[in-house]
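Geometric and topological summary
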Amino acid sequence: MKYRIAPLFCRPWTLNGMSPRLIESHYEHNYGAALNRLNSVTSELEALDVKTTSAQAISRLSREQSTLLNSTLLHELYFASLGGDGRSLPDTIVSALTRDFGSVDRWRHEFIALAEALTGDSGWILLTCVPRDGRLINHSASDHAESIAGGIPILALDMYEHAYHIEYGANTTAYIAAFTRNIHWDAVEARYTDAIKVLPPRSLDQPEFKDVPSITPEEVQEMLSSGKRVQIIDTRPRHYSTRAQDIVEGAVWRDPERLEEWMGSLSKDEPVVTFCVYGFHIGCQSAAALRKAGFDARYMAGGHYAWKAIKGPVKLFE
Ligand SMILES: [Fe+2]
């Protein structure tokens, strides 16, 4: 694959406090250099005889390739982050920043603090949309790495010395201020609008239980801590429960094979939560059978292990 140069997105002569000389040097010598090295490392990697090359050598080249790829992607985003007046935030962005950071001002303070913290060091400060969580997050990334998996960065501040030294020397505060004065918020908004169209990762699909409502372990915890009465039934199979060492605190174990026998002891006035080992079958089947019998039952997604993974309290299973 041959990576192509992206034209400069911002118009350097329009920037406020960042000269064309700074942007030209950055674009040509740093972005350009990363792109050229990316292409040469990629060709080198593609030409390798992977059967005779050592795993270490392949790994070294591959790491270099991903670092350089990130460098080019982030530089393109950096240049595309500039060219506005830094002040006119579109409503979509104002509400997204308010939703995720409390206020635009709080977001700005956090973003700038991350940048200030890189003074004397180098890396990127990014505002990234995470489709899985449907939210924006600020983060710093050194070595052109440390990206958030599945995240889509929509605003980038380059904190490598080459991005400011020609004009600002070691005065990173002045450089950060100049960057924020030039943020192109309309372009950020356009990228945000694109990013939120990306679907979150696919969740576990269990078509056979699609009509059985579930509850997350966190929701069960919240019910318990709020004092809401709930009947929690551990329906791990008997063969499994004989070697189980612990049980969810507040749960009682019932043999899923004998559901007809014990369901009469449950109350129809309080919700029921059932679960099994991982949340695939037995807990769902039990919840479905209880619902059919008129109980307000749901299965706990992820089962016993999801409960333990969120450090839900357990006790000895006797
Ligand atoms: Fe750079």
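Residues numbered from 1 in each chain as written. Predicted model: local features only at pLDDT ≥ 70, side-chain atom pairs only at ≥ 80, totals over all residues. Heavy atoms only, no water.

Our next topic: unusual backbone geometry. In this structure, Asp 143 takes a positive phi of about 55 degrees despite not being glycine. Along the chain, Asp 143 turns up in the loop between strand 2 (135–141) and strand 3 (152–158). On the basis of relative accessibility, which here comes to 55%, the residue Asp 143 falls in the exposed class. Backbone geometry at His 144 places phi at a positive 60 degrees, although glycine is not the residue there. By the secondary structure assignment, His 144 is in the loop between strand 2 and strand 3. A residue is classified by how much of its surface remains accessible, and His 144, at 14% relative accessible area, is buried. (Helix = DSSP H or I, 4+ residues; strand = E, 2+ residues; numbered from the N terminus. Buried < 20%, exposed > 50% of the residue type's maximum accessible area, 1.4 Å probe, protein only.)

Those donors, His 26 (NE2), His 75 (NE2), Asp 158 (OD) and His 162 (NE2), are the protein atoms that reach the iron ion, and they lie 1.9 to 2.1 Å from it. One can describe the site at the iron ion as tetrahedral: its four donor atoms subtend angles covering 86 to 130 degrees at the metal. Donor residues for the iron ion sit on one chain with the sequence pattern H-x48-H-x82-D-x3-H. The class of Asp 158 is buried, set by a relative accessible area of 0%. (Donors = N, O, S within 2.8 Å, 3.2 Å for Na, K, Ca; no water. Tetrahedral: all angles 85-135°; square planar, octahedral: opposite > 155°, others 65-115°.)

On to the sheet that holds strand 3, then. Within the open sheet, the three strands sit side by side as 2-1-3. Their pairing is antiparallel. In this open sheet, the two edge strands, each paired with only one partner strand, are strand 2 and strand 3. Each adjacent strand pair in this sheet contributes to an overall mean axis angle of 20 degrees, direction not counted. The pairing of strand 1 (residues 124–130) with strand 2 spans seven bridges and is antiparallel. Opposite Thr 128, over in strand 2, you have Ile 137 as the bridge partner. The strands touched by helix 3 (residues 91–101) within the sheet are strand 1 and strand 2, with strand 2 carrying the most contacts at an inclination of about 75 degrees. (Pairing = 2+ DSSP bridges. Axes fitted to C-alpha atoms, helices over the stretch in contact; angles between N-to-C directions. Contact = heavy atoms within 4.5 Å.)

On to the state of the cysteines, then. What the rule picks out here adds up to zero disulfides. As a non-bridged cysteine, Cys 276 has Cys 284 as the owner of its nearest cysteine sulfur, 5.9 Å distant. (Disulfide = S-S within 2.5 Å.)

In this section: the pairing of strand 9 (residues 297–300). As judged from the two bridges shared by strand 4 (residues 214–215) and strand 9, these two strands associate in the parallel manner. By the bridge assignment, Ser 214 is partnered in strand 9 with Tyr 299. Here strand 8 (residues 272–275) pairs with strand 9 via three bridges, running parallel. From the neighbouring strand, Val 273 faces strand 9, where its bridge partner is Arg 298.

Before going further, it helps to spend a moment on the sheet that holds strand 9. Across the sheet, which stays open at both edges, the five strands sit in the order 4-9-8-5-7 with parallel pairing between neighbours. A single partner strand is all that each edge strand has here, and the edge strands are strand 4 and strand 7 (251–253).

It is worth spelling out the side chain of Arg 236 at this point. As for its placement among the helices and strands, Arg 236 is situated in the loop between strand 5 (231–234) and helix 9 (238–241). Given the relative accessible area of 1%, Arg 236 is considered buried. At a separation of 2.7 Å, a polar atom in the side chain of Arg 236 contacts the side chain of Asp 234. (Polar contact = N/O pair within 3.5 Å; in protein donor to acceptor, adjacent residues only side chain to side chain.)

On to the environment of Gly 294. Along the chain, the position of Gly 294 falls in the loop between helix 11 (282–292) and strand 9. Placed 26 residues apart in sequence, Gly 294 and Lys 268 show a C-alpha to C-alpha distance of 7.2 Å.

Let us look at the pattern of salt bridges. Inspection of the entire model under this criterion finds ten salt bridges. Between Glu 64 and Arg 37 there is a salt bridge, with the nearest N and O atoms lying 3.6 Å from each other. Here Glu 64, found in helix 2 (residues 55–81), pairs with Arg 37, found in helix 1 (residues 20–47); they are 27 residues apart in sequence, far enough to count as distant. Owing to a relative accessible area of 45%, Arg 37 belongs among the partly exposed residues under this scheme. One salt bridge connects Arg 238 with Asp 255, and the closest N-O pair in it is separated by 3.2 Å. (Salt bridge = Lys/Arg side-chain N within 4 Å of Asp/Glu carboxyl O.)

Here we take up the nonpolar core. Grouped together as the largest cluster of nonpolar side chains are 48 residues, with contacts concentrated most on Tyr 78, Leu 97, Leu 157 and Tyr 175. A total of five residues in this core trace back to one element, the largest contributor, which is strand 1. Not counting residues within four places of it along the chain, the set of residues in contact with Leu 157 comprises Tyr 78, Phe 111, Ala 115, Gly 123, Trp 124, Ile 125, Tyr 175, Ile 176 and Phe 179. The next biggest cluster of nonpolar side chains, apart from the first, holds 14 residues, and it includes Ile 233, Trp 262, Met 263 and Val 272. (Core = buried A, V, L, I, M, F, W, Y, C linked by side-chain atoms within 4.5 Å.)

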